[in-house]
Every structure is written in C-alpha cells, then in structure tokens.
Amino acid sequence: MKTAVFSTRRYDQSLLRAANADAGHELLFLQDRLTAASAPLAAGCPAVCVFVNDEVDAEVLAILAAQGTRLVATRSTGYNHVDTAAAARLGIEVVRVTDYSPHSVAEFAVGLLLAVNRKIARASVRTRDGNFELDGLMGFDLHGKTVGVIGTGKIGAIFARIMLGFGCRVVGHDVHPNPAFEAMGGRYLAVDELLACSDVVSLHCPLFEATRHIVNAASLARAKRGCILVNTSRGALVDTEAAIGALKSGQLGGLAIDVYEQESSLFFQDLSSTVIADDVIQRLVSFPNVIVTGHQAFFTEEAIGQIMRTTIDSIGAFEAGRELVNRVPAA
Ligand code: NAD
C-alpha cells in the first residue's frame, strides 16, 4: 500500500526498508514534519506514517482524509500528537506501537539519573579540556534512597525493578495500580505523598489532559527539597518554567529530561549553526545540574527494529482488512 512516511531520517529509512522487504509496501520517505503545509505531500497515499512531533491535529487529518488517507500509523507508543476523535469522525484508523522494548526507555532513564546525579557529562567535558578537578562533581548514593515512579506501566515497572536492584526504596503513583509493581516491593502512594518523600522522581505516565503539567509550581513546592526529577515520557508532563524556578531556588536538586514541551521545533535536527530562539531550553541547558537529551530514550537496535516491524505489520493488516491489534481507540 502506498504510504507517506513523514519525519524520516536515514535510520528510519533503512530500518523501514528492511522491515518492508517481504511486505512490499510502496514507501514514500519524507524528511518533512507533517503539518498542514506538508500534508499535501501525502496526496494519493491511503496510509500515512508519522512520528512523535508530527502535527496530526483536526486540520491536518481533514486534509489527509480529503486526499484519500484512511490509516495513520504512528511509530511510537504515545499518541498525544494525534487527534483521535477527529480521526474517528473522518473515518481514519489510527495505529501505534503498543509493545516495543520498554527496557530501552527504562534503562535510559536510569542512565540520565546517574548522569545528572554523578555529573558524568560535566566530568567528561572537563577531562577533554585537561581538567581533572573534582570540585562540583559530588553526587549522592542511590542505595537507600527513595525513588518515586509516576506511571507504573511497562516502562515504569522496569525502571522500578532496576532501582530496587540499586537498593532503593521504590514508591509509585498510578491511576491503574500494576500488581507486578507491588509484587516486586513497590508501594503505592498518592502523588503528593510520593513527591514529599522521594529523593528521585521519574515520570512514566502518558500525556493526557489529566497529566499535563502533573509537575508544576505547586507540586514542586510539595516535593522533597533537592530531589532529582527525570522525565523520559512526554515534555508537557512538566511545567518547564516552574521547573526552572525550582532549580534556581534549589528546591529541585537536578533535572534530567529526554523530552521537552516545545521540542517539536527543536528535536531531531541539527541546529548547531543556528541561533536558537527558544530562551527556555537555552536557560535549561545553562544549569550545571540539568541534562537534556533529544528524545532518544527509545533509540536502541531492539526497540527501533520492533517499531518498524510492527508499523509494517499494521499497514499490512489494514490493507488486508485484518484486525488492527495496535489500533488506538477514539478519545
Ligand atoms: P503504559 O501504558 O504501559 O504505562 C503507562 C502507565 O501510566 C499506566 O500504568 C497508566 O495507568 C499510568 N497512568 C495513566 N494516567 C496516569 C495518571 N494520571 N497518573 C499516574 N499514572 C497514570 O505505557 P509505557 O509503555 O510504560 O510508556 C509510558 C510513556 O512513556 C508513553 O506514554 C510515552 O509517553 C513515553 N515514552 C517515551 C519514549 C522516549 O523515547 N522518550 C519512548 C516510549 C514511550
């Protein structure tokens, strides 16, 4: 089936081609992000494949529907960038990748935590410059500390298990408690209780209206002073301006983020020769106790290979009229 694949980079193209070798779909690779302006590039494509920063809102979906698109396949678990209600109204099916290595993201969250706590990135920059001084590089033992996990689904539960292996006490908050989390030794708390007692808070819940800015000025004020916040889930879970205020006052002891609320105009591109107009991200990266990565937590061979295979399978299932096992229900 002819499929317009937006926001593709070299690795997307080679891995999707490999996954598509037997299926033989006609893939039209586009580097552009999907927006109302770029949507006409998908004219005549019954399927459109997107990524996390594509704009799949009502306006774009209406253009796609008018051009004959009937399937949107997102190469991600999260689908907050797709207006699923508008898609349903327009008769467009939406599929995602429900299951791919959750270890990829959980392990990256642990890496970010270690990097910000033990100042690993700072130290590496220093030694390249011949500076082997330890001043400013002190962290704290994770062993014996309390780690709060908000969202204890597939990724959050694996993150929790790894932290238990470090000898941490793990507490969680979730609207749908996961029995596996409790069985491994995690204890559920209300979100405020979790914030009050956690030395580290890691976010692993999806972005919904109910979770937008779940970390905000009020919740940060209730957090344990000096705690480290890790966000590998979605940028808008955190009110970034509030986090900056908490970093300035010392209420937040460190921040490690792989996602950022305004990332769509920045991430997945090389802007190193450009003047970046976003003052918030520039302020964030100026803190010595902040680490920012560009939405790469999923980026392992295992995870991305599975993402591409599932995406091709979903396109094949749609074409053959088979059940869409990774269908996103309308909101
Ligand atoms: P999942 O569905 O298995 O788990 C999400 C958990 O969050 C569920 O247990 C759910 O009940 C819980 N939840 C929902 N609303 C909540 C709320 N209001 N408060 C607390 N918990 C709530 O999903 P997953 O596979 O573990 O993925 C989690 C998120 O990670 C995704 O939604 C996505 O945003 C993010 N993610 C990021 C990357 C990356 O590369 N940075 C990659 C994959 C996924």
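Rules used in this analysis
Residues numbered from 1 in each chain as written. Predicted model: local features only at pLDDT ≥ 70, side-chain atom pairs only at ≥ 80, totals over all residues. Heavy atoms only, no water. Helix = DSSP H or I, 4+ residues; strand = E, 2+ residues; numbered from the N terminus. Rg over C-alpha atoms; globule rule 2.2 N^0.38 Å. Buried < 20%, exposed > 50% of the residue type's maximum accessible area, 1.4 Å probe, protein only. Salt bridge = Lys/Arg side-chain N within 4 Å of Asp/Glu carboxyl O. Pairing = 2+ DSSP bridges. Contact = heavy atoms within 4.5 Å. UniProt positions renumbered as here; feature names shortened; annotations may be inferred. Phe/Tyr/Trp six-rings, centres within 6.5 Å; stacked < 30°, edge-to-face > 60°. Lys NZ or Arg CZ within 6 Å of the ring centre and 35° of its normal. Arc of directions from axis to C-beta. Axes fitted to C-alpha atoms, helices over the stretch in contact; angles between N-to-C directions.

Describe the overall build of the chain, and please don't skip the residues or the numbers.
The helix and strand inventory of the chain stands at twelve helices and twelve strands. Taking 2.2 N^0.38 as the reference for a compact globule, 331 residues should give roughly 20 Å; the C-alpha atoms of the chain span a radius of gyration of 21 Å, in line with that estimate. Taking the principal axes of the C-alpha coordinates as reference, the chain spans close to 60 × 50 × 35 Å. The buried share of the chain, taken over its 331 residues, is 51%.

Explain the pattern of salt bridges to me, using residue names and the numbers behind them.
In the structure shown here, the tally under the stated rule is six salt bridges. R327 is the salt-bridge partner of E93, the closest N and O atoms lying 2.7 Å from each other. In this pair, E93 sits in strand β5 (residues 93-95) while R327 sits in the segment after α12 (301-320), placing the two residues 234 residues apart along the sequence. With relative accessibility at 46%, the residue R327 sits in the partly exposed group. Residue E209 is joined to R212 by a salt bridge in which the shortest nitrogen-to-oxygen separation is 3.2 Å. Relative accessible area serves as the criterion here: at 35%, R212 is assigned to the partly exposed category.

How would you summarise the sheet that holds strand β7 (residues 169-173) if you had to cite specific residues and measurements?
Paired through their backbone hydrogen bonds, the strands of a sheet run either parallel or antiparallel. If you walk across this open sheet you meet the seven strands as β8-β7-β6-β9-β10-β11-β12, and the pairing is parallel. The open sheet has two edge strands, β8 (187-188) and β12 (290-292), and neither has a second partner. Relative to strand β11 (residues 252-257), strand β10 (residues 227-231) is paired through five bridges, and the arrangement is parallel. For C227, the partnering residue across the bridge sits in β11 and is L252.

Which residues make up the environment of V328, and what are the values?
Here V328 is to be found in the segment after α12. Residues in contact with V328, not counting those within four places in the same chain, are Y79, T84, V94, V95 and R96.

Describe the UniProt feature "domain: S-adenosyl-L-homocysteine hydrolase NAD binding" (unreviewed entry) in the chain, and please don't skip the residues or the numbers.
The sites that carry the UniProt feature "domain: S-adenosyl-L-homocysteine hydrolase NAD binding" (unreviewed entry) are, in the present numbering, residues 117-292. In this annotation, residues 117-292 is assigned 33% helix and 17% strand; the end-to-end C-alpha distance for the span is 13 Å.

How would you sum up the packing of aromatic side chains? Please name residues and give values.
The tally for this structure, following the rule as stated, stands at five aromatic pairs. Relative to Y188, the ring of F181 has its centre 4.9 Å away and its plane inclined at 50°; by these criteria the two rings are tilted. An aromatic cluster is present here, built from Y11, F51, F268, F298 and F299 joined pairwise through their rings. Against the face of F287 rests R283, its NZ or CZ located 4.2 Å from the ring centre.

Outline helix α2 (residues 58-66), supporting the account with residue identities and numerical values.
If you check which residues of α2 are buried, you get V60, L61, L64 and A65. Along the long axis of α2, the arc covered by the buried residues comes to 135°, so they all point the same way. Exposed side of α2, more than 90 degrees from the buried face: E59 and A66 are the residues found there. The secondary structure elements touched by the buried residues of α2 are β3 (47-50), β4 (71-74) and α3 (84-89).

Break down the sheet that holds β3 for me, with residues and values.
Within the open sheet, the five strands sit side by side as β2-β1-β3-β4-β5. Their pairing is parallel. Both outer strands of the open sheet, β2 (27-29) and β5, are each paired with one neighbouring strand and no more. Going across the sheet, the axis of each strand differs from the next one's by a mean of 20°, ignoring polarity. Note that strand β1 (residues 3-5) and β2 share three bridges and pair parallel.

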